[in-house]
Each structure stands twice: as structure tokens, then as C-alpha cells.
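# Understanding the architecture of this molecule
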Amino acid sequence: MAKIFAIANQKGGVGKTTTAVNLSAALADLKKNVMLVDCDPQGNATSGFGINKTILTKTTYDVLIDGCDPRYTLNKTPFGVTVLPANMNLAGSEVELVNLPEREHKLRTALDKIRDDYDYILIDCPPSLGLLTINALTAADSVIIPIQCEFYALEGVTQLLNTIEIVRNQLNPLLAIEGFIMTMFDSRTKISKQVVEEVFGSFGGLLYDTLVPRSVKLSEAPSYGQPIVAYDRFSKSAEIFLNLAKEVIERGN
């Protein structure tokens, strides 16, 4: 049965999608059976795997709103990751979900049908704490939280932690925090090191040892529809995400 991770942080630009795409691809590279669920209406995780968002006929929207069997929406990629894709159709789902029964459980109900087929399912959440993120947290076993190495890095994390606690109390009592990933790390700057120390001081062993740096290659890869392990296999960034994937696997053992 798959371990389900929600990649969440309501603050935008912290590397959620970069983490979701490249961690899932790295896990697949390590011979794990991996699925990525795109829950962001921007659909960047979808295009990050080279899937054309404009021609999709079935997406996460159909799964959440119409109860479509997720098996009919899945896209297998050349990178070993199966993607449940999204596009701008998902943007209206927050409003439509409000009036649906069991609205917070739609994604969980869908993933329960297929979770036995995978080792890991990663959910790329939107930069908000609306019903799409609530669905992801309700469906997940645990949460991976990317934090950017910059001033105010922890701004909003308290709000996310409060939301996780609410979900625990009302919807998903077993939801755990899997870990915190420091992104956009620059070893040349004092602020990056200070932020890592601050996060470690607050969350200790929940912080992954692997630090994800700023990288031109990592920024280029999505424009070619490839994760970094495919775009530049021997780059430092590819090595880092493979190391991160190994950490994720080891924590689950």
C-alpha cells in the first residue's frame, strides 16, 4: 500500500512543485512505483513531466467534482512516474466542492481505489489552505513542507501547522509531519545558513539533511518537460534529489 505525501506550504514560490516533480522522479529512479497527483490549478507539475495541459480530457477536476475513477485520468510518463494531471479547469473546483457531500474526502476516496498499485503517492498542493489542500491533507499519511532559505521563511508555517492540527482533529487523525525540506539554499550567503539553523532549532529531527540549492539546471528542466534526473543526470541537483529520495525511503523503514 502506498505511502501518501502531501507537499504543502500555502506560501508561494517556496519550491513545492519543484520538490514534488523531482522527488517523485528520483523515487522512481530508485525503482519505486510512484504516482504524482497535481492538485494545483496552475498544472505546473503536469507540464513538468512533459504533459500537454491544453489537450487533457480528464484531470484532477473530474476526479474531485464528478467522482471519475482516477484510473481513467492517469498519464504514464517516460520517467517512471504516473501523473494524475491538472489544468485550469481545477480553478473552479474550490467553489464547486463547497456544496458537495463529504467534500473534504473526495481525493482520499479516489486514491483509496488505486493506492495498492504504488509504493509512493505524492500530492502537489496549491499555494493556499483552501479545499484542494484540505483534500490533500485528508488523503495523505503525512506532510512534506518545503521552506525557502530567505527572510520570513517561517512566515505562514504556523498557519499551515494549525491547519494540519485541525485536519488531524476533524478529518484525518493519523496525519503526521514527515519532514521539512530547505529549498533554494545558497551556501555563500549567511542568511541561508541562519534560516537552516532557525528551522532546525524549531523542528529538529524533522528537518531533512539534504538541502536543495538554487540551480540553473533545476530551473531549466521544467521548460523541457523533464525532471532533473532526466534533464541532466550527472548534475549536482540530480544527485541532491536522489539523496533526498533515499532519505525519504529510509525514514519510512
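Details of the structure are given in the entry above.
Residues numbered from 1 in each chain as written. Predicted model: local features only at pLDDT ≥ 70, side-chain atom pairs only at ≥ 80, totals over all residues. Heavy atoms only, no water.

We now examine the packing of aromatic side chains. Tallying each qualifying case throughout the model produces four aromatic pairs. Where Phe5 meets Tyr120, the ring centres are 5.9 Å apart and the plane angle is 25°; that geometry is what we call stacked. Note that Phe5 is positioned in strand β1 (residues 3-7) and Tyr120 in strand β5 (residues 120-124), a separation of 115 residues in sequence. Both residues of the pair, Phe5 and Tyr120, count as buried. Ring centres of Phe49 and Phe79 lie 6.0 Å apart, and the angle between their planes is 45°; this geometry places the pair in the tilted category. In this pair, Phe49 sits in the loop between α2 (44-48) and α3 (60-66) while Phe79 sits in the loop between β3 (75-76) and β4 (81-84), placing the two residues 30 residues apart along the sequence. Comparing Phe49 with Phe79, the two get one shared label, buried. Its guanidinium or amino end placed over the ring of Tyr208, Arg251 lies 3.9 Å from that ring's centre, counting from NZ or CZ. (Phe/Tyr/Trp six-rings, centres within 6.5 Å; stacked < 30°, edge-to-face > 60°. Helix = DSSP H or I, 4+ residues; strand = E, 2+ residues; numbered from the N terminus. Buried < 20%, exposed > 50% of the residue type's maximum accessible area, 1.4 Å probe, protein only. Lys NZ or Arg CZ within 6 Å of the ring centre and 35° of its normal.)

This part covers helix α11 (residues 236-252). With 17 residues, α11 should cover 24 Å at 1.5 Å per step; its first-to-last C-alpha distance of 25 Å lies within 8% of that length. The inward-facing, buried residues of α11 contact β1, α1 (16-29), β5, β7 (176-183), α9 (216-220) and α10 (228-231). (Expected span 1.5 Å × (residues − 1). Contact = heavy atoms within 4.5 Å.)

Bringing the sheet that holds β7 into the picture now. An order of β3-β4-β2-β5-β1-β6-β7 is seen for the seven strands of this open sheet, with the pairing classed as mixed. Where the open sheet ends on each side, the last strands, each with one partner, are β3 and β7. Bridge count between β3 and β4: two bridges; the pairing is antiparallel. From the neighbouring strand, Asn75 faces β4, where its bridge partner is Val83. Here helix α7 (residues 157-170) sits on the sheet in contact with β6 (142-148) and β7, set at roughly 160° to β7. Packing against the sheet, α11 makes contact with β1, β5 and β7, and its axis sits at approximately 165° to β7. (Pairing = 2+ DSSP bridges. Axes fitted to C-alpha atoms, helices over the stretch in contact; angles between N-to-C directions.)

Its place among the elements puts Glu250 in helix α11. Judged by relative accessible area, which is 57%, Glu250 ranks as exposed.

Right, let's talk about the nonpolar core for a bit. In terms of nonpolar packing, the biggest core is built from 49 residues, with Val37, Leu111 and Ile123 touching the most fellow members. Of all the elements, helix α6 (residues 131-139) adds the most residues to this core, at six residues. The next biggest cluster of nonpolar side chains, apart from the first, holds 35 residues, and it includes Ile51, Ile144, Tyr208 and Val248. (Core = buried A, V, L, I, M, F, W, Y, C linked by side-chain atoms within 4.5 Å.)

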